[in-house]
Amino acid sequence: MNLRSKLAITCAKATSALIKKLNRGSGVTLPGYVARLIDPKILSAMSGMVREKTIVTMGTNGKTTTNSILYHALKAEGKKVIINRTGANMLNGIISAFVLATDKHGMLDADYACIECDEIASVRVLPQLKPDCALLTNISRDQLDRFGEVDITFQKLKTAVTSVPDSTLIINCDDVLSYTLAAESKNSYVTYGINEQIFDEISRSEIRESIFCRSCGKKLDYEFFHYGQLGIYHCPACGLSRPDPDYTAANVDFHDEVYSFNLDGMRIDSTARTPYNIYNTLSAYAALMALCAPTGHFQKMIEAFDYGNNRESIFTIHGARVQLHLAKNPIGFQQKISLVLKDPSPKDVIIQINDTYQDGEDISWLWDVDFQYLANANAATITTNGTRRHDMGLRLKYEDIDCGSTTDLKGTIETLTTTGTKNLYVIVNYSGLYRTNHLLAGMDDNRKEALES
């Protein structure tokens, strides 16, 4: 390692320590910026220290959970793994993950690197990381003011993966966009998909990002949809069709609020409460197999894995069951509505919508979500919160769904967990996630008991 790289690492660590000492944040982004200013090639230098393999996970939905599964699977095999676990998935955050993991001599001790990468940032990150594997979960509409329509995201990702032609792609072949991207690139690729219809009618609601063949422009025929444009498709004009996946989940069963399924000869009794987490599990396993990574402990690990990842958390407050869920784009929100309707019990629902840069300042995507299903959710109350609570209220009004609004989230939670149905769902978009998680954790009965004992 050259002197410039060592100086970059030292200054980055000092920056992180100062941020934490001043209590000005977690210190997981600015250190990467400082390191990059001093040594623009620092990420390439750091990635070269990984002894075995590097995998990058990208995609609109599921990349944080998938990356976490990869990390825990490799740790279960006794491997030392670098991960940007905080979700800091832009260039500076990724650099921080590497430099802050070095020892006092500026050296890494890592067998693998599991890196989550923002789709837009991938164009700058992949050429520097040169990953052995690039995993793509799906491509759908996200923050309109950052990503634009899906064609822009598609082109960014295509540019990124073609810049690393030696990287093997791990592709969800149920997503025609992802599969077309792989087919158009020169990279080798491995596919995964689900052959049976496991998503309900609400999940499959009419949010279709791209149902036209990218080869000839004709409308695709679908045997069935999973959700969005994901499903079993073929083009009646040019013959493009969804291939048989290299890895699939089969005999999927939903019982006692969780899913079980077969995967490569294993019967997985998972803790997954939503069907899209089967996709996340499947994609991670396909990547591990493509890397020729050890998987002897995969079944035991995944059966104990917490898919919540601070994005699907359950708390007990005043004896009430409180669930926190992240929903940051139309397809993600549709999945959460499906989850709410799977619970037939009376419930209260809080929906928090913000419009920071992290969320996307354009919230017109709310009109692409089929909120009318909430009319049948057995909800005693629905309350909106956040900077765009009135927009959310207006959206529900157009579905003839009554709701209230609040600026006092904690007070509303106190009231609903005390005098409500004792079954509360809190759905937030991105910027409210960690703050609300912290709030609910502080109110949790189990934490209060621990502090008192």
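Computed from a prediction, not measured in an experiment: that's the story for all the values here.

Visitor: Hey, could you run me through the pairing of strand β5 (residues 168-172) in this one?
Guide: Across a regular strand the side chains alternate sides, sitting on one face of the sheet and then on the other. Here β5 lies mainly inside the structure; five of its five residues are buried. Neither face of β5 is left uncovered, since the one carrying T168, I170 and N172 and the one carrying L169 and I171 both have all their residues buried. The sheet contact formed by strand β4 (residues 133-136) and β5 spans four bridges and is parallel. Within the sheet, the bridge partner assigned to L136 lies in β5 and is I171. In the sheet, β5 pairs with strand β6 (residues 189-194) via four bridges, with the strands oriented parallel. The partner of N172 across the bridge, within β6, is Y192. Chirality of the crossover, the property in question, places the unit of β5, helix α9 (residues 176-184) and β6 among those that are right-handed.

Visitor: Where do I start with a nonpolar patch on the surface in this structure?
Guide: Together, L30, Y33 and L37 give the surface a local cluster of nonpolar side chains, amounting to about 300 Å² of exposed area. Tracing the backbone through its elements, the reader meets L37 in helix α2 (residues 30-38). With a relative accessible area of 58%, L37 lands in the exposed category.

Visitor: Looking at this structure, I do not really get unusual backbone geometry. What am I missing?
Guide: Apart from glycine, the bulk of residues carry a negative phi angle, and the bulk of peptide bonds sit in the trans form. You will see that H318, though not glycine, has its phi angle at about 55°, which is positive. Along the chain, the position of H318 falls in the loop between β12 (312-317) and β13 (320-326). Residue H318 is classed as partly exposed on the basis of its relative accessible area of 32%. Non-glycine residue K422 carries a positive phi angle of around 70°. Mapped onto the fold, K422 is located in the loop between α14 (409-419) and β17 (423-428).

Visitor: How should I be thinking about the pattern of salt bridges in this particular structure?
Guide: Oppositely charged side chains may form a pair once their charged atoms are brought near each other. Taken as a whole, this structure holds 13 salt bridges when the rule is applied. Where E119 meets K63, a salt bridge forms, and the shortest distance between an N and an O atom there is 2.9 Å. Of this pair, E119 sits in the loop between β3 (112-116) and α6 (122-129) while K63 sits in helix α4 (residues 63-76); the two residues are 56 residues apart in sequence, bridging distant segments of the chain. The exposure class assigned to E119 is buried, which follows from its relative accessible area of 1%. Its relative accessible area of 8% is what places K63 among the buried residues. A salt bridge links R321 to E257; the shortest N-O distance between them is 3.3 Å. In this pair, R321 sits in strand β13 while E257 sits in the loop between β9 (247-255) and β10 (258-263), placing the two residues 64 residues apart along the sequence. Several salt bridges converge on common partners, so that one network encompasses R51, K80, D109 and D111.

Visitor: Is there a simple way to think about the pairing of strand β14 (residues 347-352) in this case?
Guide: For β14, the tally of buried residues reaches six of six residues, placing the bulk of the element in the interior. Residue alternation in β14 divides its side chains into two sets, K347, V349 and I351 and D348, I350 and Q352, and both sets are buried. Pairing analysis gives six bridges linking β14 to strand β15 (residues 379-385), with the strands arranged parallel. For D348, the partnering residue across the bridge sits in β15 and is T381. Bridge count between β14 and β17: five bridges; the pairing is parallel.

Visitor: Any chance you could explain the sheet that holds β15 here in plain terms?
Guide: The strands making up a sheet are joined through hydrogen bonds of the backbone, oriented either antiparallel or parallel. Pairing within the open sheet is mixed, and its six strands lie in the order β12-β13-β17-β14-β15-β16. Because the sheet does not close on itself, it has two edges, and the strands there are β12 and β16 (404-405). Docked against the sheet, helix α12 (residues 330-342) engages β12, β13, β14 and β17, running at close to 180° with respect to β17. In the packing of α14 onto the sheet, the strands contacted are β12, β13, β14, β15 and β17, and the crossing angle to β14 comes to about 170°.

Visitor: Would you mind showing me how to read the packing of aromatic side chains here?
Guide: Geometrically, a pair of aromatic rings is defined through the distance of the ring centres and the angle of the planes. Within the structure shown, the criterion is met by 14 aromatic pairs. Ring geometry for Y222 against F225: centres 4.0 Å apart, planes inclined by 20°, an arrangement best described as stacked. When its relative accessible area of 18% is taken as the criterion, Y222 is described as buried. Summarising the aromatic geometry, the rings of F333 and F371 are spaced 5.1 Å apart at their centres and angled 75° between planes, so their arrangement reads as edge-to-face. Taken together, the residues F333 in helix α12 and F371 in the loop between β14 and β15 connect sequence positions 38 residues apart.

Visitor: For this particular structure, what's the right way to read the environment of V123?
Guide: The topology assignment puts V123 in helix α6. As a C-alpha pair, V123 and Q155 span 32 residues in sequence and 9.9 Å in three-dimensional space. Setting aside its immediate chain neighbours within four residues, V123 contacts K156, T159 and A160.

Visitor: For this particular structure, what's the right way to read the environment of C238?
Guide: Within the secondary structure, C238 is located in the loop between β8 (230-234) and β9. Under the relative-accessibility criterion, C238 is labelled partly exposed at 40%. Separated by 20 residues in sequence, C238 and K218 place their C-alpha atoms 8.4 Å apart. Excluding residues that lie within four positions of it along the chain, C238 makes contacts with C213, S215 and C216.

Visitor: Sorry, what's going on with the confidence of the model for the protein here?
Guide: Caution is warranted with low-pLDDT regions, since their predicted coordinates should not be read in detail. For the protein, mean pLDDT is 91; residues scoring 70 or higher make up 95% of the total. Considering only residues more than four positions removed or in separate chains, one finds that residues 144-148, a stretch of pLDDT under 50, has 17 contacts.

Visitor: Could you clarify how one ought to interpret the packing of helix α1 (residues 3-21) against α2 in this entry?
Guide: Angle between the axes and distance between the axes are the two parameters that describe a pair of packed helices. Between α1 and α2, the shortest axis-to-axis distance is 8 Å and the interhelical angle comes to 155°. With respect to each other, α1 and α2 are oriented roughly antiparallel. Every pair of crossing elements has a handedness; the one defined by α1 and α2 is right-handed. Taken together, the residues of α2 that come into contact with α1 (itself represented by R4, L7, A8, C11, A12, T15, S16 and I19) are L30, P31, V34, A35 and I38. When grouped by side-chain class, the residues that make up the contact of α1 with α2 number ten nonpolar, two polar and one charged.

Calculation criteria
- Residues numbered from 1 in each chain as written.
- Predicted model: local features only at pLDDT ≥ 70, side-chain atom pairs only at ≥ 80, totals over all residues.
- Heavy atoms only, no water.
- Buried < 20%, exposed > 50% of the residue type's maximum accessible area, 1.4 Å probe, protein only.
- Helix = DSSP H or I, 4+ residues; strand = E, 2+ residues; numbered from the N terminus.
- Pairing = 2+ DSSP bridges.
- Right-handed = clockwise from strand over helix to strand, strands pointing away.
- Patch = residues over 30% accessible without salt bridge, like charges linked within 9 Å, V, L, I, M, F, W, Y side chains within 5 Å.
- Areas by Shrake-Rupley, 256 points an atom, 1.4 Å probe, with all protein chains shown as cover.
- Salt bridge = Lys/Arg side-chain N within 4 Å of Asp/Glu carboxyl O.
- Contact = heavy atoms within 4.5 Å.
- Axes fitted to C-alpha atoms, helices over the stretch in contact; angles between N-to-C directions.
- Phe/Tyr/Trp six-rings, centres within 6.5 Å; stacked < 30°, edge-to-face > 60°.
- pLDDT = per-residue confidence, 0-100.
- Parallel < 35°, antiparallel > 145°, perpendicular 65-115°, else oblique.
- Left-handed = near helix turned anticlockwise from the far one by under 90°.
- Nonpolar A, V, L, I, M, F, W, Y, C, P; charged D, E, K, R; others polar.

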